[in-house]
Amino acid sequence: MSLSEQTQELVNNFINGLDEHDKAAIMGGFETIRNTPYGVDALRVGDQAKDFRLPNASGGEQTLALLLKEGPLVISFYRGGWCPYCNLEFKALSDVLPKINQLGAKLIGISPELPDNSMSTKEKHQLPFDVLSDVGNKVAREYGIVMDVPPSMVPLYIKWGLNVPRTNGDESWELPIPATYVIDEDGKVTFAFVNKNYTERCEPAEIIKALQSLADAA
C-alpha cells in the first residue's frame, strides 16, 4: 500500500469515527485551509535553500552548511510526533532510508517541537534519522511553510489532548506545512513537495527518483 493510500485510509477512518458536531468542525477546518494562501511563498525547485542552525534530539546542533558537506540532503518538515499522518510518513521514510543513504544522501526531520519532545518522538518511533527542533517555526517561516491550526479545530485538538503550544513551547497554534525538500551539495533545491493539506504526504519513491537524478548527473 502506498503512503497516499495509507493516509487516505486513515482520513476515512478518522472522519467516519467522529460525531456530527466534530465532523462539521473538522470539515470546516479543512475548507478553511483550502481557502488560505498558505505555501504560496514556499521555496521551490531552483531556489537556494536557507541555511539554519538547529538543536537535535541528543543535545547537539546541526547546520545546513555542514550537512551538505557530506552530500545531498533530504529534509522532511513535519508537524510533530503527535500527528498520525507524520507517523505514517516516518515509517515510510525509515523504510527507504537505506536507499537514500546508498544514493549518498542524508535525511533529517524538522519540527517545531521542543528538543525534549523531539527526543521523545525519535525514541517513541525509533527513528533512524536525526530530528531537529525548530522552536517558533523560525526556519519553517524562512522556507515559507508556516500555517495556523484553523480556529474551528483548536477546541478539538485540546479535547484530544493535542496541546500544540505546550508541545512547541510558545503561545501560538502555528505548525509547518508538511514539506519535503531534496537539496544538492551546492544548496539548491532540486525537489520540493509542499502541500497545505496536511493529510497528504510525499511518496518516498519520488524522493528516491530525485536523488537518483542527482546521482546520475554527478
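A brief look at the structure comes next. (Residues numbered from 1 in each chain as written. Predicted model: local features only at pLDDT ≥ 70, side-chain atom pairs only at ≥ 80, totals over all residues. Heavy atoms only, no water.)

**A look at the overall build of the chain**
Each helix and strand counted, the chain has nine helices and nine strands in total. Over its C-alpha atoms the chain spans a radius of gyration of 17 Å, differing by no more than 12% from the 17 Å that the globule rule assigns to 218 residues. Overall, the chain is about 55 × 35 × 35 Å in size when its C-alpha atoms are taken along their principal axes. Looking at the chain as a whole, 51% of its 218 residues qualify as buried. Of the accessible surface of the chain, which amounts to about 10,200 Å², a share of 51% is contributed by carbon and sulfur atoms. Put simply, the chain has 20 plus and 30 minus side-chain charges, and the middle of one group is 0 Å from the middle of the other. (Helix = DSSP H or I, 4+ residues; strand = E, 2+ residues; numbered from the N terminus. Rg over C-alpha atoms; globule rule 2.2 N^0.38 Å. Buried < 20%, exposed > 50% of the residue type's maximum accessible area, 1.4 Å probe, protein only. Areas by Shrake-Rupley, 256 points an atom, 1.4 Å probe, with all protein chains shown as cover. Lys, Arg positive; Asp, Glu negative; His and termini not counted. Charge placed at Lys NZ, Arg CZ, Asp CG, Glu CD.)

**What to know about the pattern of salt bridges**
The full count for this structure, using the stated rule, is eight salt bridges. Close ionic contact of K159 with D22 constitutes a salt bridge, the shortest N to O distance being 2.7 Å. Placement of the pair is K159 in helix α7 (residues 154-159) and D22 in helix α2 (residues 20-34), with a sequence separation of 137 residues. In this structure, E89 engages R201 in a salt bridge whose closest nitrogen and oxygen atoms are separated by 2.7 Å. On the criterion of sequence distance, the pair formed by E89 in helix α4 (residues 84-102) and R201 in the loop between β9 (189-194) and α9 (204-217) is long-range, its members being 112 residues apart. Judged by its relative accessible area of 2%, E89 falls in the buried class. Accessibility expressed as a relative area gives 4% for R201, which makes it buried. (Salt bridge = Lys/Arg side-chain N within 4 Å of Asp/Glu carboxyl O.)

**Digging into the environment of T199**
Mapped onto the elements of the fold, T199 is located in the loop between β9 and α9. Look at T199 and you get buried, because its relative accessible area is 7%. C-alpha separation for the pair T199 and A105, spaced 94 residues apart in sequence, amounts to 26 Å. With sequence-adjacent residues up to four places away left out, T199 is seen in contact with T7, V11, F30 and Y85. Within the structure, T199 has its side chain in polar contact with the side chain of N197 (distance 2.7 Å). (Contact = heavy atoms within 4.5 Å. Polar contact = N/O pair within 3.5 Å; in protein donor to acceptor, adjacent residues only side chain to side chain.)

**Quick word on the sheet that holds strand β3 (residues 73-77)**
In spatial order, the strands read β5-β4-β3-β8-β9; together these five strands make up an open sheet with mixed pairing. Two strands in the sheet have a free side with no partner beyond their single neighbour: β5 (130-133) and β9. Strand-to-strand twist across the sheet, computed as the mean angle between neighbouring axes with direction ignored, equals 20°. Strands in contact with helix α5 (residues 115-124) are β4 (106-111) and β5; relative to β5, the strand with the most contacts, it is inclined by about 160°. Here α9 sits on the sheet in contact with β3, β8 (179-183) and β9, set at roughly 15° to β8. (Pairing = 2+ DSSP bridges. Axes fitted to C-alpha atoms, helices over the stretch in contact; angles between N-to-C directions.)

**A look at α4**
Between its first and last C-alpha, α4 extends 28 Å over 19 residues, near the 27 Å set by a 1.5 Å rise per residue. Among the residues of α4, those classed as buried are Y85, C86, E89, F90, A92, L93, S94, V96, L97 and I100. Tucked into the core, α4 has its buried residues touching α1 (3-16), β3, β4, α5, β8 and α9. In the stretch just after α4, G104 is the one whose phi turns positive, near 85°. (Expected span 1.5 Å × (residues − 1).)

**Digging into unusual backbone geometry**
Phi angles above zero are rare outside glycine, and Q126 is one such case at about 50°. Overall, the relative accessible area of 67% leaves Q126 in the exposed class.

**Re α2**
Quick reminder: α-helices carry 3.6 residues per turn. Residues three or four places apart thus point the same way. Compared with the 21 Å implied by 1.5 Å per residue over 15 residues, the 21 Å span of α2 between its first and last C-alpha is a close match. Listing the buried residues of α2 in full gives D22, A25, I26, G29, F30 and I33. One face of α2 carries all of its buried residues, which in axial projection span an arc of 135°. The outward face of α2, more than 90 degrees from its buried face, is lined by the exposed residues E20, H21, A24 and R34. By the N-cap criterion, in which a side-chain oxygen at the helix start approaches the backbone nitrogen of a residue two or three places on, α2 is capped by D19, the distance to H21 being 3.2 Å. (Arc of directions from axis to C-beta.)

Everything listed is a geometric property; what it means functionally is a separate question.
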